[in-house]
Every structure is written in C-alpha cells, then in structure tokens.
Number of protein chains: 2
Amino acid sequence: MGTPAFMKLEVQIKMNASLYLRDPEQSELGKNIIKFSIELIHKHGFEAFTFKKLAEAIGTTEAGVYRYFENKHKLLVYIISWYWGWLEFQIGYQTKNVTNPVSKLKKVITILATTVEDDIMTGYVDESLLHQILISEGSKAYLTKQVSQDNKQEYFKPYKDLCNTVGIIILECNSKYKYPHSLASSIIEVAHLQNFFMHNLPSLTDFSKSKNEDQIIIFLNDLVFSSIEK
Amino acid sequence: MGTPAFMKLEVQIKMNASLYLRDPEQSELGKNIIKFSIELIHKHGFEAFTFKKLAEAIGTTEAGVYRYFENKHKLLVYIISWYWGWLEFQIGYQTKNVTNPVSKLKKVITILATTVEDDIMTGYVDESLLHQILISEGSKAYLTKQVSQDNKQEYFKPYKDLCNTVGIIILECNSKYKYPHSLASSIIEVAHLQNFFMHNLPSLTDFSKSKNEDQIIIFLNDLVFSSIEK
DNA sequence: TTATTTATGATAGTAATACTATTATTTAAA
DNA sequence: TTTAAATAATAGTATTACTATCATAAATAA
C-alpha cells in the first residue's frame, strides 16, 4: 500500500534524532502522529492536546504514540523544527535567482509573514496549519525552564539557522548594520505576533479593519528598511 | 499584626474583578497567594506551577487557593495585568516632567527593557521577579484558544492601555507615523524576547558576550527612531 | 453580648493527564 | 523459516485540576 518511494518527489527535512524515540518519517503510524498532531494542536491548542486524544484520532493507543515521542513538548518542538527547516528550504528556493539583496530581504519578509499554501511536496504535513500553529504556539517551544538543556541538544538549530540566513541577507543590504541577528529574530517574531494580534487583539495593531497580511508585510518592510538603510 | 492601612503609602493597581473569585488584596491569605505565586512561577515556570504546590508554600490548602482563583491561568493573567498596570503607573510617574517626546519615548523604551528594582511601595509584590516572569511567561497569558473570550472580559486591558500610551508618545514624536499601535506592541514584545534570547538563546541576538540590557535599549532605540524619524 | 455571617482549615473524592509496564499479536527482515 | 521488530490491547500509577463537605475561627451586626 502507498506509492513506492522512488515514484515520489519529496522534500525531506533533516530532523534532530534526539527529538524522537522512533523516527516518525519511517512508518505509516509515525507519519500519522505528525499529521494528526498538526491537526489537533491547530484545532484545540497545545494545552488541550494530549497523546490520548491523538491516539484516538489516529486509531492507535496512547502507548503507540509514546513509542515515537517521549512527551508532547518534544513533539511540539519536532513539528516546529520541521517547519523552520521547511521555511529555510523555501527561502533558499524562492530567492535563489534574486541577486539584489534588498529584493531578497523583501521576498524573505513576505515569506515569513504570509500564510503558506499546503505544499504538495510534503505528503503528510499541512504547512498552512503549521504556519498557524507557529503563530499561536511557536514560542511555547522555547519559553520553558528547560530551554538551555533543549538548546544544548540542538533542538532550536533550524530556527537559529533560519535567523542566521536572514541575518546574512541583512548584512548583504548593509554590511555596517550592527544588529543582524537581533533584527532577524525580531522580524520573525514580530511577523507572527502582529498576525496573532491582528486576528485576536486587534487594538494592539494598526491593521484592525481588513485583517490582511499584506499590511504586516508593509509594516515590517518599513521597520526593517528604515533601520538598515539609515 | 501588620501596620495599619493609614500608615502605609501604597500604590494600588485597579484590577479587573472577573479575574478572581475573592479579591486577593483584601486579605492576608490573598496577598500570600500573589506573593508566593510570583515566587513559584519565577522559580519553576508556569507549567510546573500548581495550586497544590502554592498552597503548601503558603501553608494553606488547595481549596483555600481555589476560593480566590478559578484556575492558574486566571492567576497568571492577574499577576501579569497587575504588572502592566504598575508599569503604566511607572511610565506616567517617570515621564511626567519630560516635555520632549523623543526623550519621553527613550525613557519609556528604557523602562520597558530594564529589569526593575523591587518597588517598596507595593508590599507583597516583587516587581523584579514579575519582570522576569513577564519575559518568560508573559505571552502565555494570551497565546491560548480562549484569547477572544478573555479579551471580551477585558483581561488584557492594562496591556492594551499601555500599548496605547506608548502609541500616543510615538505619534507625539511623529504625527505622520502610520503604525503607532503595531510599533508599540512590537517594542514591548521585542524588549522581552531579546532579553530572553540574550540569556537563553544568545545566537539569536547580537548581545551575546556581556548580557547587558543596555544593548537591548540601544538596539530598540535604533530600530524605533529610524522608523519614526525617517 | 450574643447571634450571625464570612473566611479559613481539614479532609475526601473524582475525572483527566502523563506517563510506565506487560503480554499477545502481527508484520517485516535475515 | 526463523527471528526480530513494531504494534495492539490492556492495566496500572502518580499527579493534576478540580468540586464538595463539614467543622472551626474570626470578624461584624443586632
């Protein structure tokens, strides 16, 4: 059952093996764990998400899920890391022919701030749901007491790599700019926060009426290019 | 026991009554709930914080705590709201003689990005711990599935008021600036995020070596004034 | 002062969560 | 074909997040 591997064109995101007990990409059950986690976390939020509900949704048992992931925090970190890895790939792919660094940075800001469409190259992952999860649950991956241990285990490497990539583009725009890493992480986080605020706490933004992501992009472009082209 | 009320100079922060079942400011037990919540959440993080542990720390019972707060989420929102209210007061107080809007905004950025000292005017609240809690737990108050209901109940009013205050100062600096609310909320959030990253995921910032908050202030000033003085 | 309300303390209990462990069964690899 | 590995089925435990009850202490009102 299922198409043989050689007939698929699939994007493989390399994952940190210490995030899981058994590699979820290597089995049908594993792929279902990822697929249904994304759906359930998106639908009910991370707090209400449990391995029991996940198991029921998949049609397996709680113990079955525990064979793949130690706990739901690692599963969250896994899917979030996956997303950062995928985004890094998207950015590389979508900017590969862009030579002008300003255009490139604009393109990156657009990618970071835009709800993605589901990428058919990645079978069991719905990127548009993942993007929503990142907005509302993303920071919970690192806002924990174990952040330093998790960091030592390289759990945040894809996120750090992405920030680094963005930082490099910032320096290409202006090699004298002093805060490329801070600006990069701020762009990513502000893109998500303003999106969340726009939809849920609109008075914290200036985008209340239309709820259009383009406004966030314009705001970010203004913020970023004022700073680096000053 | 305790000093009579008329002998104290106390700052009272007006709290939204639907956050609690019984007003914690009106009793010794209530004040202890706030005081020890701040200590325990700071020490162990919000996820590991339970009403049972809190009750044990205070020397009361779980049921005793439940008579004040329905659940730990409301308690978190309570102490966070308290902090925003207190910060609003601080900003008003510390900028009341500053007429130049640029100086005022700089002062505000400094207040937002600096670890506060414990304010002796507020008996049972340790503001420096609260500031740390805000950095690592603050966004958990609104990053939930009930954010819209909570917002309808005005749980985030102190935060929104603060953003509004900052937004007004931004407009005083440049009345043509288009995104005063978004910039205000971004300043507050970026101040906290960069602080968290500096201490826990330093490669996401450019402040790795010294771990000095002043660098965050300089970064924010650069970011903000480039945008609004453009 | 006594009566009465109100807050607290002590204790119990429940459903759900976050796991661990055991055994049987199925599926896949050697 | 044997053997190993993955899964399903089931059970069990400690902790969490509550709700409920009743006795007692403290504050307040009659």
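Summarise the overall build of chain A; cite the residues concerned and give the values.
Scanning chain A from N- to C-terminus turns up 10 helices and 0 strands. Ordered by position from the N terminus, the helices and strands of chain A form the series α-α-α-α-α-α-α-α-α-α. Taken over the C-alpha trace, chain A has a radius of gyration of 18 Å; the compact-globule value for 230 residues is 17 Å, and the two agree within 12%. The dimensions of chain A, computed from C-alpha atoms along their principal axes, are 55 × 45 × 35 Å. The burial tally for chain A puts 54% of its 230 residues in the buried class. Sequence separation of at least 24 residues holds for 67% of the intrachain contacts in chain A that already meet a minimum separation of 6. When the accessible surface of chain A is summed, it comes to about 10400 Å², and 53% of that surface belongs to carbon and sulfur atoms.

Account for the protein's contact with DNA strand C, naming residues and giving values.
Not every one of the 16 residues close to DNA strand C is listed here, only the nearest: Glu62 and Tyr66 of chain A together with Arg22, Thr60 and Tyr68 of chain B. Expressed as a percentage, the sugar and phosphate content of the atoms of DNA strand C within 4 Å of the protein is 49%. In this structure, a base nitrogen belonging to DNA strand C sits 3.2 Å away from a side-chain N or O atom of arginine 67 of chain B. At a separation of 2.8 Å, a phosphate oxygen of DNA strand C approaches a polar side-chain atom of tyrosine 68 of chain B. For the surface near DNA strand C, the element with the most residues is helix α3 (residues 62-66) of chain A, which contributes 3 residues. Partitioning the surface near DNA strand C into residue classes produces 5 nonpolar, 5 polar and 6 charged.

If you had to explain the relation of the copies chain B and chain A to someone new, which residues and values would you point to?
After a rotation of 180° and a shift along the axis of 0.0 Å, chain B superposes on chain A with an RMSD of 0.0 Å. A rotation of that kind, with that shift, is consistent with a two-fold axis. Looking at the rotation axis and the C-alpha trace of chain B, the residue lying nearest is serine 226 of chain B, at 2.7 Å. When you check the interface residues of chain B against chain A, 100% turn up at the interface there too, and the contact is symmetric in its surfaces.

Describe helix α10 (residues 213-228) of chain B, and please don't skip the residues or the numbers.
Residues and elements named next belong to chain B. A rise of 1.5 Å per residue sets the reference length of α10, with its 16 residues, at 22 Å; its end C-alpha atoms lie 23 Å apart and thus fit the reference within 8%. The element α10 is largely enclosed, with a buried count of 13 among its 16 residues. For α10, the capping residue at the N-terminal end is asparagine 212, with a side-chain oxygen 2.8 Å from the backbone nitrogen of aspartate 214.

Outline the interface of chain B and chain A, supporting the account with residue identities and numerical values.
The interface is formed by 49 residues belonging to chain B together with 49 residues belonging to chain A. Taken over both partners, the interface formed by chain B and chain A buries close to 4100 Å², and the fraction arising from carbon and sulfur atoms is 61%. Taken together, chain B and chain A are joined by 16 residue pairs in polar contact (both at pLDDT 80 or more). Breaking the side of chain B that touches chain A down by element, the ones donating at least two residues are α1 (28-44), α6 (127-137), α7 (147-152), α8 (157-173), α9 (180-200) and α10 of chain B. Per element, the largest residue contribution to the side of chain B that touches chain A is 13 residues, and it comes from α9 of chain B. Class assignment of the residues belonging to the side of chain B that touches chain A gives a composition of 22 nonpolar, 17 polar and 10 charged.

Can you tell me about the environment of lysine 140 of chain A, naming the residues and giving the values?
Among the secondary structure elements, lysine 140 of chain A is positioned in the loop between α6 (127-137) and α7 (147-152). In the structure, lysine 140 of chain A is positioned 63 residues away from serine 203 of chain A in sequence and 23 Å away in space, judged by C-alpha atoms. What lysine 140 of chain A contacts, discounting residues up to four positions off in sequence, is Glu47, His73 and Leu76 of chain A together with Leu143 of chain B.

Calculation notes
- Residues numbered from 1 in each chain as written.
- Chains lettered and ligands numbered in written order.
- Predicted model: local features only at pLDDT ≥ 70, side-chain atom pairs only at ≥ 80, totals over all residues.
- Heavy atoms only, no water.
- Helix = DSSP H or I, 4+ residues; strand = E, 2+ residues; numbered from the N terminus.
- Rg over C-alpha atoms; globule rule 2.2 N^0.38 Å.
- Buried < 20%, exposed > 50% of the residue type's maximum accessible area, 1.4 Å probe, protein only.
- Contact = heavy atoms within 4.5 Å.
- Areas by Shrake-Rupley, 256 points an atom, 1.4 Å probe, with all protein chains shown as cover.
- Near = heavy atom within 4 Å.
- Polar contact = N/O pair within 3.5 Å; in protein donor to acceptor, adjacent residues only side chain to side chain.
- Nonpolar A, V, L, I, M, F, W, Y, C, P; charged D, E, K, R; others polar.
- Least-squares fit on C-alpha atoms with pLDDT ≥ 70 in both.
- Expected span 1.5 Å × (residues − 1).
- Buried area = accessible area lost by both parts, 1.4 Å probe.

None of the figures reported here should be taken as evidence of function without further support.
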